[in-house]
Amino acid sequence: MQSVIREKLLSALSDSPDDFLSGQALADIAGCSRAAVWKHIEELRKEGFVLEAVRKKGYRIIGSPDSVTANKLKIGLKTKTLGQYIHYEETVGSTQKVAHELAANGAPEGTLVIADEQTDGRGRLMREWHSSKGTGVWMSLILKPLLPPQKAPQFTLIAAVAVVQAIQETTGLEPQIKWPNDILINGKKATGILTELQAEPDKISSIIIGIGMNVNQTQEHFPDELQSIATSYGMVAGRSLSRSDIVQKVLERMEALYELYMAKGFTPIKLMWESYAVSIGKRITARTINGSIEGYARGITEEGVLQIEDDTGQLHHIYSADIEL
Ligand code: BTN
C-alpha cells in the first residue's frame, strides 16, 4: 500500500539531501503530527532508507536501498502518467496476473505493478519466466489507449524500443531487439516482454505490458538450461546497477514513445525499432506452429508483423514464431 505521508516525507528529504529538516517542518509538509513523522521515518528505515536524526536539527536522508518499492521509485520520477500509481509487492506469483485483476477493477492508465520476486513468472507461449528475488525487474504496466484491439501487438514493439533506450541511457550498453519481444545483449537474452489484452470486440479496455529485465543476476542465478542463452545487464557491464534508475527510465521513455505513437502513428516507432533489430537483413529461421520458414528478414509491417523473404522471393508475414538467427 502506498502511503501519501511517506511519499511526501521522502520527496522533501530527497529534495534537500544536504540539509536537516526539523520534525515540525516535516509534519507541516506531510500534513501530520510530529509523532506521525517519527512513526513514518521508522517505516522508511525498515524499507532500507538510511535516515540520520540529530537532536535540535531534525532528519536528513543519507542512503536509499536498491529496492523497487513505490517509495523508492517515486523519488525523482519524471513522468506525468506512467507509474503515478504503483502497486508493489515483495513476493508475488506473477505481476501480470495482479495487473489483470487491477485493470479489470478500474485501475487507472499508467498503473505499475512491480515485485521484488515472482514465484510463478510467465513468459510468452506460457513458458516459465525465472524471476529471482532482488536481482531483476519484474513489472507490468497498464495502458488504456482508445484504439481497436488489432493495434495491441504494436505495444510490444513500443515497449521494446523504450527498454532499449532505457538500458542505453542508464548503463551505456548497446542492446538489440530480436523480434518480437526479446532484448539481447552480446547475443544473449537479457529481457522479455509479454503484451496481453483486455478488450471488447472493437476497442481495447486495457493493455498489460509485462517486462522482465535481468539486471543484477550473476551466472549462478540462472538455472542450468538458461546459462548459455541468458545474461544480465550487470554481468555485461561488470558492475551492479540500480534497478530503480532503470525502471524510472523505462517509464519515462515509454511515456514519451506512447505520446509520439498517439500523435504520429506507428511509423516513427517502426523506424526506431528497425534500427535496433538484430535480424533485419539477416538470414533467419522462423519456427511457427505451421512449420518453419527460412529466408531473409526484410523488416516489419505497419502492424508490427515480421516479413521474411524466402529463396523463391516470396514474402511471408510472420505473426507468431520463435526466431533462430
Ligand atoms: C518472454 O520473453 O517470454 C516474456 C517474458 C515476460 C516476463 C515478465 S516479468 C513481469 C511480468 N510478469 C510475468 O509473469 N511475466 C512478465
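Note on numbering: residues in each chain are counted from 1, in written sequence order. Local features in a predicted model are, by the rule used here, given only for residues with pLDDT of at least 70; side-chain atom pairs are given and counted only at 80 or more, and totals for whole chains, interfaces and linings are based on all residues.

### Some thoughts on unusual backbone geometry
For the bond from Trp-179 to Pro-180, the omega torsion is -5°, close enough to zero to count as cis. Numbered from the N terminus, helices here are DSSP runs of H or I no shorter than four residues, and strands are runs of E no shorter than two. Within the secondary structure, Pro-180 sits in the loop between β6 (176–178) and β7 (182–185). One non-glycine residue, Leu-125, lies in positive phi territory at about 55°. Among the structural elements, Leu-125 can be located in the loop between β4 (112–118) and β5 (137–143). Overall, the presence of 9 C-beta atoms within 10 Å leaves Leu-125 in the exposed class. With phi around 60°, Met-126 is a residue other than glycine that occupies positive phi space. For Met-126, the location among the structural elements is in the loop between β4 and β5. The class for Met-126 is exposed, based on 6 C-beta atoms found within 10 Å. Whether a residue is buried, exposed or partly exposed is read from the other C-beta atoms within 10 Å of its own C-beta, which are placed from the backbone; 20 or more gives buried, 12 or fewer gives exposed, and intermediate counts give partly exposed.

### As for the sheet that holds strand β9 (residues 204–213)
Pairing between strands requires that DSSP locate at least two bridges from one strand to the other. Across the sheet, seven strands lie side by side as β3-β4-β5-β9-β8-β7-β6; this open sheet has mixed pairing. Whereas interior strands pair on both sides, the edge strands pair on one side only; in this sheet they are β3 (86–92) and β6. When strand polarity is set aside, the average angle formed by the axes of neighbouring strands in this sheet is 20°. Where β6 lies against β7, three bridges are found, and the strand directions are antiparallel. Counted as the bridge partner of Ile-177 is Ile-183 from β7. Think of it this way: build a C-beta for each residue from its backbone, and any pair within 7 Å is a contact. Here, axes are lines fitted to C-alpha atoms. For helices the fit covers the stretch in contact, and angles between N-to-C directions go from 0 to 180 degrees. Its contacts with the sheet put helix α6 (residues 152–171) on β5, β6, β7, β8 (188–199) and β9, and the angle it makes with β8 is roughly 145°.

### Observations regarding the pairing of β5
Of all seven residues in β5, seven are buried, a share of seventy percent or more. Burial along β5 is two-sided: Val-137, Met-139, Leu-141 and Leu-143 facing one way and Trp-138, Ser-140 and Ile-142 facing the other are all buried. When β4 meets β5, the two strands line up antiparallel, connected through four bridges. Within the sheet, the bridge partner assigned to Val-113 lies in β5 and is Ser-140.

### Focus: the domain arrangement of the protein chain
Assigned domains within the protein chain: domain 1 (4–63), domain 2 (70–276) and domain 3 (283–324). As annotated, the domain borders come from an automatic or database domain assignment. Using only C-alpha atoms to locate each centre, domain 1 and domain 2 end up separated by 32 Å.

### Some words on the packing of helix α8 (residues 243–264) against helix α9 (residues 267–276)
When two helices pack together, their arrangement is given by the angle between the helix axes and the distance between those axes. Here α8 crosses α9 at 130°, and the two axes come no closer than 8 Å. Between α8 and α9, the angle falls in the class oblique. Mapping the contact onto sequence places Leu-257, Leu-260, Tyr-261 and Lys-264 in α8 and Thr-267, Pro-268 and Ile-269 in α9. We call two directions roughly parallel when the angle between them is under 35 degrees, roughly antiparallel when it is over 145, roughly perpendicular when it lies between 65 and 115, and oblique otherwise.

### Remarks on the environment of Lys-74
Within the fold, Lys-74 resides in helix α4 (residues 70–74). In the structure, Lys-74 is positioned 227 residues away from Thr-301 in sequence and 37 Å away in space, judged by C-alpha atoms.

### A short note on the site of the ligand
Neighbouring the ligand are 22 residues, the closest being Ser-94, Gly-123, Gly-192, Gly-210 and Gly-212. Broken down by secondary-structure element, the contributors of at least two residues to the shell around the ligand are α5 (95–104), β5, β8 and β9. The classification used treats Ala, Val, Leu, Ile, Met, Phe, Trp, Tyr, Cys and Pro as nonpolar, Asp, Glu, Lys and Arg as charged, and all other residues, Gly among them, as polar. When grouped by side-chain class, the residues that make up the shell around the ligand number six nonpolar, twelve polar and four charged. Near, for a residue, is defined by distance from a backbone-placed C-beta atom to a molecule or strand, with 6 Å as the limit that must not be exceeded.

### Comments concerning the environment of Val-92
Tracing the sequence through the fold places Val-92 in strand β3. When the C-alpha positions of Val-92 and Glu-169 are compared, they lie 29 Å apart, and in sequence the two are 77 residues distant.

### Side note on the UniProt feature "binding site: biotin" (unreviewed entry) in the protein chain
UniProt positions are given in the numbering used here, feature names are shortened, and annotations may be inferred rather than shown by experiment. When the UniProt feature table is mapped to this numbering, "binding site: biotin" (unreviewed entry) covers Gln-118, Arg-122, Gly-123, Arg-124 and Lys-189. As for its position among the elements, Lys-189 is in strand β8. Ignoring sequence-local partners within four residues, the contact set of Lys-189 consists of Asp-182, Leu-184, Ile-229 and Ala-230.

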